[in-house]
Amino acid sequence: MTSQPTTPTTTATDDVVRVEDLQVNFYTQLGVVRALNGVSFNIPRGKVLGIVGESGCGKSITGMSIMQLVASVGKTEGGKILFNESAGGNPINILDYERNSPEMRKIRGNNISMIFQEPMSSLNPCYTISDQIEEAIRLHQTEDKVESRKRAIEVLTKVGMPNPDRIADSFPHELSGGMRQRAMIAMALSCTPTLLIADEPTTALDVTTEANILDLMRELQSEIGTSIMFITHNMGVVAQMCDEVAVMYLGRVVERATVDDIFYEPRHPYTIALLQSIPRLGRTKGILASIEGSVPDPYSRVTGCPFHPRCPVAIKGVCDTILPEETIVDAAKGHTVRCHLYS
Ligand SMILES: Nc1ncnc2c1ncn2[C@@H]1O[C@H](COP(=O)(O)OP(=O)(O)OP(=O)(O)O)[C@@H](O)[C@H]1O
Ligand SMILES: [Mg+2]
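Chemist: Just to check I follow, could you spell out the overall build of the chain for this structure?
Modeler: Assigned secondary structure in the chain consists of 11 helices and 12 strands. For 343 residues, the compact-globule estimate of 2.2 N^0.38 gives 20 Å, and the chain sits close to it at 21 Å. Projected onto the principal axes, the alpha-carbon positions of the chain cover approximately 65 × 55 × 45 Å. For the chain, the proportion of its 343 residues judged to be buried stands at 41%. Within the chain, counting contacts between residues at least 6 apart in sequence, those at least 24 apart form 64% of the total.

What follows is the structure, encoded as C-alpha cells:
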C-alpha cells in the first residue's frame, strides 16, 4: 500500500461511499476465516443504508474496513472503498492509504465516524467521557480548550444525557450501559461526520431511549445531510430508519433494495426467511418460522451459493455448484439479488 491514491476513481451516482468487491480474510492459528468474500454496495449521499444479516455474516467487519480499523490479523485482500467527501468531488480509495497515515487519521473521526457495537471496549477506561469527546473535537475542529469543552457538553445534551456537566467528568465504568452507549454516540456525532457508521447503536438501550436516539440520528441526517450506514438485527428499526437495505449472508451482500421493496417484494430466499422470522402483532396462531440450520462455520468454504444448504428452494446441481452472480431485478430502484432463481 502507498500513502497516495493510485486507483482511478469514479462513481456513477452521487454516492458518499461505494464498496466494490471487498475481501477480508483473518489468518488465525485455526485457519483462515473468510470474513468478507466480495462485498459490494453503495450509500447514496444523505441516505440511510441498513445492513442486516445473521450474526457473523460480516456486518461489523465491513464497517470497520471503511474506517481501516480491522484487527491486524485481518488482511484486506481485494476490492475498493471509494469515499467521496462532497457532491461533485473526486472519490478517494480509502484502501490506497496506510491505516496509520496522516490522511487516514484526518478522515477517521472527522469525515467518517463510527458508533461501535461494544461501548465498553471502545471507550478508554482511564479517561473521562469529556476527555474522550474533547480529544476528537480538538483533533479535528478547534484547539481551544474552553470551546471544545462547550461543544462536548452540547453534544452530550443532544444525546439526552441527564446532567451532562457531571457525566462529562465521569469515567466509563461509572455509567450505565445505556449511558455509555449514548456517550459513544455523542463522540461519533461531535464532528458532524459526512458518513456515520452505526453498528447496532441502540441494542443496549431501553425502548424510549432507543426512540430518542433514532430521532436524533434522523435529525442529524436531515439537518446536515449525514449519510448513515446502519447495522442492525432489528427489522423494526430498519423500517423506521432506513431508505435502502443491504442483506448480507456469509460475507456477501445477497440482496439490495429500497426499504419498501425489502419488506413488500423480497426476492432472495434468505431475505424472505429473515422476514418470516419476525414476530408480528396480531398473529396468534401457528409457530413462528425460523431459518433452518445455522450459518456455516467461518473456516469452511461452501461451494455454490453460500445459502444453498439452508435454502428451501435450492436447485440441485445448480445452487450447490455455481456461485450466483448479482442480478438486477429493478434497475430504476436499484434492486439487485444474488440468486439463481432470478439469473
Ligand atoms: N479478530 C478476528 N479474528 C478472527 N476472526 C474474526 C475476527 N473478527 C471477526 N472475525 C470473523 O469475521 C466474521 C465476521 O464477523 P463480524 O464481526 O463482522 O460479524 P457481524 O455480522 O458483525 O456479527 P454480529 O451480528 O454478531 O455482530 C465472523 O466469522 C468472525 O468470526
Ligand atoms: Mg457485529
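Structure's up, so let's keep going.
Chemist: How should I be thinking about the site of ligand 1 in this particular structure?
Modeler: The environment of ligand 1 is formed by 15 residues, the closest being Ala35, Ser55, Ser60, Ile61 and Pro298. Of all the secondary structure elements, the ones that give two or more residues to the shell around ligand 1 are strand S1 (15-28), strand S2 (31-44) and helix H1 (59-67). With 3 residues, H1 is the largest single contributor of residues to the shell around ligand 1. Considered class by class, the residues forming the shell around ligand 1 number 8 nonpolar, 6 polar and 1 charged.

Chemist: What is the right way to look at the environment of asparagine 100 in this model?
Modeler: Within the secondary structure layout, asparagine 100 lies in the loop between strand S5 (92-93) and helix H2 (102-107). According to the C-beta neighbour criterion, asparagine 100 is exposed, with 10 such atoms within 10 Å. Each C-alpha atom of the pair asparagine 100 and glycine 74 lies 15 Å from the other, and the pair is 26 residues apart in sequence.

Chemist: Looking at this model, I keep getting lost on unusual backbone geometry. Mind explaining?
Modeler: With the exception of glycine, most residues fall at negative phi, and the peptide bonds are largely trans. At aspartate 21, a residue that is not glycine, the phi angle is positive and equals roughly 50 degrees. For aspartate 21, a count of 12 C-beta atoms within 10 Å gives the class exposed. The phi torsion at glutamate 200 lies on the positive side, around 45 degrees, for a residue other than glycine. Take glutamate 200: it is sitting in the loop between strand S7 (195-199) and helix H8 (207-224). Residue glutamate 200 is classed as partly exposed on the basis of its C-beta count, with 19 C-beta atoms lying within 10 Å.

Chemist: How should I be thinking about the pairing of strand S11 (residues 327-330) in this particular structure?
Modeler: Successive side chains on a regular strand alternate, one facing one side of the sheet and the next facing the other. In this structure, S11 lies alongside strand S12 (residues 335-337), joined through 3 bridges in antiparallel fashion. Looking at the pairing, isoleucine 328 lines up with threonine 336 of S12. In textbook terms, the turn of a hairpin is the stretch between consecutive antiparallel strands, and for S11 and S12 this stretch comprises 4 residues, one of which, glycine 334, has a positive phi near 65 degrees.

Chemist: Can you help me understand the nonpolar core in this one?
Modeler: Within soluble globular proteins, side chains that are nonpolar generally end up buried alongside one another. Counting 84 residues, the largest nonpolar core has Met229, Phe230 and Val247 as its most contacted members. Of all the elements, helix H7 (residues 177-189) adds the most residues to this core, at 8 residues. In this structure, valine 247 is in contact with Val52, Gly53, Val253, Val254, Glu255, His268, Tyr270, Thr271 and Leu274, ignoring residues within four places of it in sequence.

Chemist: Where do I start with the sheet that holds strand S8 (residues 227-231) in this structure?
Modeler: Backbone hydrogen bonds hold the strands of a sheet together, and the pairing may be parallel or antiparallel. The 8 strands are arranged S6-S7-S8-S3-S9-S10-S12-S11 in an open sheet whose pairing can be described as mixed. Looking at strand neighbours, the two that pair on one side only are strand S6 (112-115) and S11, the edges of this open sheet. Adjacent strand axes in the sheet meet at a mean angle of 20 degrees when their direction is disregarded. Sheet topology note: the strand S10 (residues 252-258)/S12 ladder contains 2 bridges and is antiparallel. Counted as the bridge partner of glutamate 255 is valine 337 from S12. Of the strands in this sheet, strand S3 (48-52), S6, S7, S8 and strand S9 (244-249) touch H1, which is tilted by about 150 degrees from S7. The strands touched by H7 within the sheet are S6 and S7, with S6 carrying the most contacts at an inclination of about 175 degrees.

Rules behind the numbers
- Residues numbered from 1 in each chain as written.
- Chains lettered and ligands numbered in written order.
- Predicted model: local features only at pLDDT ≥ 70, side-chain atom pairs only at ≥ 80, totals over all residues.
- Helix = DSSP H or I, 4+ residues; strand = E, 2+ residues; numbered from the N terminus.
- Rg over C-alpha atoms; globule rule 2.2 N^0.38 Å.
- Buried ≥ 20, exposed ≤ 12 C-beta atoms within 10 Å, placed from the backbone.
- Contact = placed C-beta atoms within 7 Å.
- Near = placed C-beta within 6 Å.
- Nonpolar A, V, L, I, M, F, W, Y, C, P; charged D, E, K, R; others polar.
- Pairing = 2+ DSSP bridges.
- Core = buried A, V, L, I, M, F, W, Y, C linked by C-beta atoms within 7 Å.
- Axes fitted to C-alpha atoms, helices over the stretch in contact; angles between N-to-C directions.

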